[in-house]
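# A look at the structure
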Amino acid sequence: VLGAGSNVLVRDGGLRGAVIRLGAAFGEITQTDETALMAGAAALDVRVARAAADASIAGLAFYRGIPGAIGGAVAMNAGAYGGETCDVLVEVEWLDRDGEKHVSAMDALNLSYRHNGHDGFKVYTAARLKGARGDKAKILAEMEAISDKREDSQPVKARTGGSTFKNPDGADPTGLKAWKLIDAAGCRGLRVGDAQVSEQHCNFLINHGVATASDLETLGETVRQRVQETSGVELQWEIKRMGEARA
Ligand SMILES: Cc1cc2nc3c(=O)[nH]c(=O)nc-3n(C[C@H](O)[C@H](O)[C@H](O)COP(=O)(O)OP(=O)(O)OC[C@H]3O[C@@H](n4cnc5c(N)ncnc54)[C@H](O)[C@@H]3O)c2cc1C
């Protein structure tokens, strides 16, 4: 199942089997009460942040800078700048392999830092998200500040899959950061072909144009190995790698 594809690396041999990607009909966002929205799984996170601001619903501004869709946000428990999907998700609608529709409350998903523990195959189709009454101007200012912070600290205009590895201590703002470990291991700017560890933010891998998935994965694995050697920490991929290597 693909959302916006912002957190996946498809190997060069492609995927064997069917790929499901929800179309525009799943992108609707409707306000269901004073503080809640129902967002189709194909609705982009940024649109959800804007819709929440328009409805004066606070608490969803963190979606402003995440370049995925809501189905992907639920599947990844996406979050940033102090907010996570599990903080705002009430329930989710999903289809099983037979096309049967289900509704699950947030607790059933066992969400934790960039992890969804909802067992079995499923296609999320919509999510009910709840915030709190807020002031539209303040929410818009918060979104603007988030956008500015990202532009300053991340290569947002480059071809990248965002954070490559999870922070070892999860969302804890005082915990170990993957980028610091990568920097300490001397990997800032490291290259494999056209793939490079970003000079601006070491947890981002950049494709300068013709990097293959294999270049990116080899670079990521080299970084993991060097971090393991220098700090003893085993980084976990946040990017979902799928498919087969080219034969
Ligand atoms: C520049 C950049 C910045 C980023 N910043 C952040 C950040 O601050 N915080 C953060 O958390 N992430 C960040 N990401 C990563 C990514 O945007 C998020 O993980 C996002 O939630 C993925 O959503 P997507 O729709 O692109 O999912 P995809 O990348 O398409 O898929 C990701 C996973 O979700 C599954 N999935 C997607 N849609 C569905 C569905 N409808 N039903 C079931 N499973 C589904 C896929 O099978 C896959 O396993 C960033 C990425 C980039 C490129």
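See the structure shown above.
Anyway, here's the lowdown on the structure attached to this text. (Residues numbered from 1 in each chain as written. Predicted model: local features only at pLDDT ≥ 70, side-chain atom pairs only at ≥ 80, totals over all residues. Heavy atoms only, no water.)

## What to know about the overall build of the protein
Within the protein, the secondary structure is distributed over six helices and 17 strands. The dimensions of the protein, computed from C-alpha atoms along their principal axes, are 50 × 45 × 30 Å. In the protein, which comprises 247 residues, the share counted as buried stands at 45%. A total of about 12,300 Å² of accessible surface is found on the protein, and carbon and sulfur atoms cover 49% of it. Taken together, the 29 basic and 33 acidic charged side chains of the protein have centroids lying 3 Å from each other. (Helix = DSSP H or I, 4+ residues; strand = E, 2+ residues; numbered from the N terminus. Buried < 20%, exposed > 50% of the residue type's maximum accessible area, 1.4 Å probe, protein only. Areas by Shrake-Rupley, 256 points an atom, 1.4 Å probe, with all protein chains shown as cover. Lys, Arg positive; Asp, Glu negative; His and termini not counted. Charge placed at Lys NZ, Arg CZ, Asp CG, Glu CD.)

## Let's talk about helix α4 (residues 136-153)
Under the 1.5 Å per step criterion, the end-to-end length of α4 is 26 Å for 18 residues, consistent within 8% with the ideal 26 Å. Turning to α4, its buried residues are I139, M143, I146, S147 and R150. Along the axis of α4, the buried positions cluster into a sector of 95 degrees, meaning they face one direction only. Facing away from the buried side of α4 by over 90 degrees, the exposed positions are A137, K138 and D152. (Expected span 1.5 Å × (residues − 1). Arc of directions from axis to C-beta.)

## Here we look at the environment of G65
Relative to the helices and strands, G65 is located in the loop between β4 (57-58) and α2 (70-76). The sequence separation of G65 and R150 amounts to 85 residues, and the corresponding C-alpha distance is 7.3 Å. Filtering out sequence-adjacent residues up to four positions away, G65 remains in contact with I146 and R150. (Contact = heavy atoms within 4.5 Å.)

## Some thoughts on the sheet that holds strand β14 (residues 191-192)
Strands sit in the order β13-β16-β15-β14 across an open sheet of four strands; the sheet is antiparallel. Two strands bound the open sheet, and with one partner strand each, they are β13 (160-163) and β14. The sheet contact formed by β14 and strand β15 (residues 195-197) spans two bridges and is antiparallel. When the sheet's bridge partners are listed, R191 is paired in β15 with Q196. Docked against the sheet, helix α6 (residues 213-231) engages β14, β15 and β16 (204-207), running at close to 30 degrees with respect to β15. (Pairing = 2+ DSSP bridges. Axes fitted to C-alpha atoms, helices over the stretch in contact; angles between N-to-C directions.)

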